Amino acid sequence: MEWAFTLEGQPSNETIFVRVPDGTTPPNVGEKVTADGMLAGIYYVKEREFMASFPYENAGNLKFGWTFVLKSKP
């Protein structure tokens, strides 16, 4: 499963994608998230949405995951 993180106010082309193990519990709105790497810091989940992409016949695999918008203050 993939999760996509975008900082509040940033364009969608700056979204960071992270592969997480199936069954991992996604953070809730308002929950604190600590990030390493390109988004290093402490953030809070402003929005979350479950996304699914259903492929056309013989066009690939089902893809699904969570998208999150993060903010720097609660």
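Quick look at the structure, then. (Residues numbered from 1 in each chain as written. Predicted model: local features only at pLDDT ≥ 70, side-chain atom pairs only at ≥ 80, totals over all residues. Heavy atoms only, no water.)

1. A short note on the environment of asparagine 28
Heads up, the rule is: Strands are runs of DSSP state E lasting at least two residues, helices are runs of H or I lasting at least four, and both sets are numbered from the N terminus onward. The contact criterion used throughout is that any non-hydrogen atoms of two residues lie within 4.5 Å.
Within the fold, asparagine 28 resides in the loop between β2 (16–19) and β3 (32–35). In this structure the C-alpha to C-alpha distance between asparagine 28 and valine 45, which are 17 residues apart in sequence, comes to 6.7 Å. Setting aside its immediate chain neighbours within four residues, asparagine 28 contacts Val45 and Arg48.

2. Re the pairing of strand β5 (residues 63–71)
The test is simple: Paired strands, in this sense, are two strands between which DSSP finds at least two bridges.
Pairing geometry for strand β1 (residues 2–7) and β5, over 6 bridges, is parallel. Its bridge partner being in β5, tryptophan 3 is matched across the sheet by tryptophan 66. Relative to β5, strand β4 (residues 41–53) runs antiparallel, the two being bridged by 9 bridges. When the sheet's bridge partners are listed, arginine 48 is paired in β5 with phenylalanine 68.

3. Notes on the sheet that holds β2
Rules: Think of each axis as a best-fit line through the C-alpha atoms, taken over the contacting stretch in the case of a helix, with angles from 0 to 180 degrees between the N-to-C directions.
Taken together, the 5 strands give an open sheet; going across it, the order is β2-β1-β5-β4-β3, and neighbouring strands pair in mixed fashion. Taken across any chain shown, the strands that pair with only one partner, and hence form the sheet edges, are β2 and β3. On average, each strand axis in the sheet is tilted by 40 degrees relative to the strand beside it, whichever way the strands run.

4. Concerning the pattern of salt bridges
The test is simple: The term salt bridge refers to a pairing of a side-chain nitrogen on Lys or Arg with a carboxyl oxygen on Asp or Glu at a separation within 4 Å.
If you walk through the whole model with that rule in mind, you get 2 salt bridges. Between arginine 19 and glutamate 2 there is a salt bridge whose closest N-O contact spans 3.6 Å. One end of the pair, arginine 19, is in strand β2; the other, glutamate 2, is in strand β1, with 17 residues separating them in the sequence. Two residues, lysine 46 and glutamate 8, come together in a salt bridge whose shortest N-O distance is 2.6 Å. Pair noted here: lysine 46 is in strand β4 and glutamate 8 is in the loop between β1 and β2, with a separation of 38 residues, a long-range link.

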